[in-house]
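Summary of structural features
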Amino acid sequence: MAKGYLQRKASWEILLKVSSGIYSDHALEKVVKYYNFNSLDIAFITELSFGCIRYRNLLDLWIDHISRISHQKQPPKLRWLLHIGLYQLLKMDKIPFSAAISSTVEVAKRTELKGLAGTVNAILRNTIRNIKKENFPKISSNEMERLSYLESLPLWLVNEIVNWLGIEEAKNVVKAFNKKPSIDLRINSLKTDLNKFLKELNDCNINAEPINQLNDGVALNSNPRSIKSLPGYKDGMWVVQDRSSQWIAPLLNPMKGEKILDACSAPGSKTTHLAALANDDAEILAVDRSEKRLKILQSNLERLNIKSVKTFKADATSLIDLRPNLISYFDKILIDAPCSGIGTFARNPDMRWSLSKDKIDQLIILQEKLLESIFPLLKRNGILVYSTCTICPEENNLLIKKFLSKNKELKLESERQILPRFDSPGDGFYAAKISYK
Ligand SMILES: C[S@@+](CC[C@H](N)C(=O)[O-])C[C@H]1O[C@@H](n2cnc3c(N)ncnc32)[C@H](O)[C@@H]1O
């Protein structure tokens, strides 16, 4: 058996699962659990499978360059296996060409692609010859088309991002979609403190450091085999939460005794942060329309031993009809709206391929509706924070501008857009802090 065959097979199986509609992180988790890989293998499989998902356009371009049959006409299972081989040749410099080819061809030989093993071998060998001769696929000189191939994004989305940010900014941002995402934790300040937790990690030889400007943030510098095996997980000492997401709850400055609504709350990264900041002594209502996600929130509350949160499964746009007694009830409201998630593309490599302009338009309608229908639940002198993990202005500052122009009693206190950056960690995020005078 060729060395590394099983890792290639597992990576290919992840691509098959993702192409059938399963999210990449779920597919990875399932496959890795099935084979019981060690942490080095998991890191390799993650890099290979997520890389193939990210760079789909580029890999297809190479198939079209090398093979007589275009990528659209390849049997899908063969196309994904070619991606596994091509990605290693084009993007993983530490893997010798020979190892990349033999292990990938072996996957063909040992699966239903047996009859196509020769084709896989020929296409990959031919690719090496072309790389050595610097005979690369021709790419249009149009900058948007180049970005769409080289950074691998649907062309419509590149055009949108260039419209939003201009070409120079767009180049940096789309490059950031292909970076390895950081793993950030937030300590549960109800149970531990930063120095104590960092020491515990250190004692277990886990390389971690505090995150600048975040009181409770911890950056993990090494990949653990399983995140849940880190010290303190069962005892609720920490949650996984991206550093950009960690600055949302503090915007509300939650205080003891306050009534706080988290309108789109599950799985609860920000709900639990709000509760911790108020020393578990506020009255927090966590609403979400997804029962499944609310169950995860509930189990997070139990694990972190948080008592000040009540959960409620509801469509937040109907909250006012379901609970009219909540009109003008809350001191603070967070709407962490469902969004296009473009700021989290590095973490969710499949998302770019399932998003569409139509989906964004539907989300904008929902976001407007959420703002309009939830705002009447806010008390006078209260604070409303609206946040998303996207960089699309129609879901962010433009939406807020329109909302404020219709509700003159509201005032924008602050607004911040974090763009994802190739050279620094963290997702893209947006938040507007609004006061009701
Ligand atoms: C961005 S996620 C929230 C993440 C969460 N705030 C956190 O920090 O863990 C958006 C959530 O909105 C929920 N959602 C979408 N539409 C909703 C609606 N109309 N009413 C209530 N929840 C909704 C989704 O189920 C999803 O859990």
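All values derive from a computational prediction rather than experimental measurement.

Calculation rules
Residues numbered from 1 in each chain as written. Predicted model: local features only at pLDDT ≥ 70, side-chain atom pairs only at ≥ 80, totals over all residues. Near = placed C-beta within 6 Å. Nonpolar A, V, L, I, M, F, W, Y, C, P; charged D, E, K, R; others polar. Domains from an automatic or database assignment. Contact = placed C-beta atoms within 7 Å. Helix = DSSP H or I, 4+ residues; strand = E, 2+ residues; numbered from the N terminus. Pairing = 2+ DSSP bridges. Axes fitted to C-alpha atoms, helices over the stretch in contact; angles between N-to-C directions. Core = buried A, V, L, I, M, F, W, Y, C linked by C-beta atoms within 7 Å. Buried ≥ 20, exposed ≤ 12 C-beta atoms within 10 Å, placed from the backbone.

Attention now goes to the site of the ligand. Around the ligand, a shell composed of 17 residues is seen, among which Cys264, Ser269, Ser290, Ala316 and Asp336 lie nearest. Split by residue class, the shell around the ligand holds six nonpolar, five polar and six charged.

Our next topic: the domain arrangement of the protein. What the domain assignment reports for the protein is domain 1 (5-138), domain 2 (141-176), domain 3 (183-240) and domain 4 (246-436). Taken over C-alpha atoms, the centre of domain 1 sits 25 Å from the centre of domain 2. Between domain 1 and domain 2, the contact holds six residues from the first and four residues from the second. A per-element tally of the side of domain 1 that touches domain 2 places helix 4 (residues 56-66) first, with four residues. In terms of residue class, the side of domain 1 that touches domain 2 is made up of three nonpolar, one polar and two charged.

What follows is about the sheet that holds strand 1 (residues 183-187). Ordered in space as 2-3-1-4, the four strands form an open sheet in which the pairing is antiparallel. Only two strands of the sheet have a single partner each, and these edge strands are strand 2 (208-210) and strand 4 (238-240). Neighbouring strand axes in the sheet, compared pairwise and without regard to direction, differ in orientation by 30° on average.

On to the nonpolar core. With 52 residues, the main nonpolar core has Ala263, Leu274, Ile333, Ile335, Ile374 and Tyr386 as its most contacted residues. One finds Ala10, Ile42, Val107 and Ile123 within the second-largest nonpolar core, a separate group that totals 37 residues.

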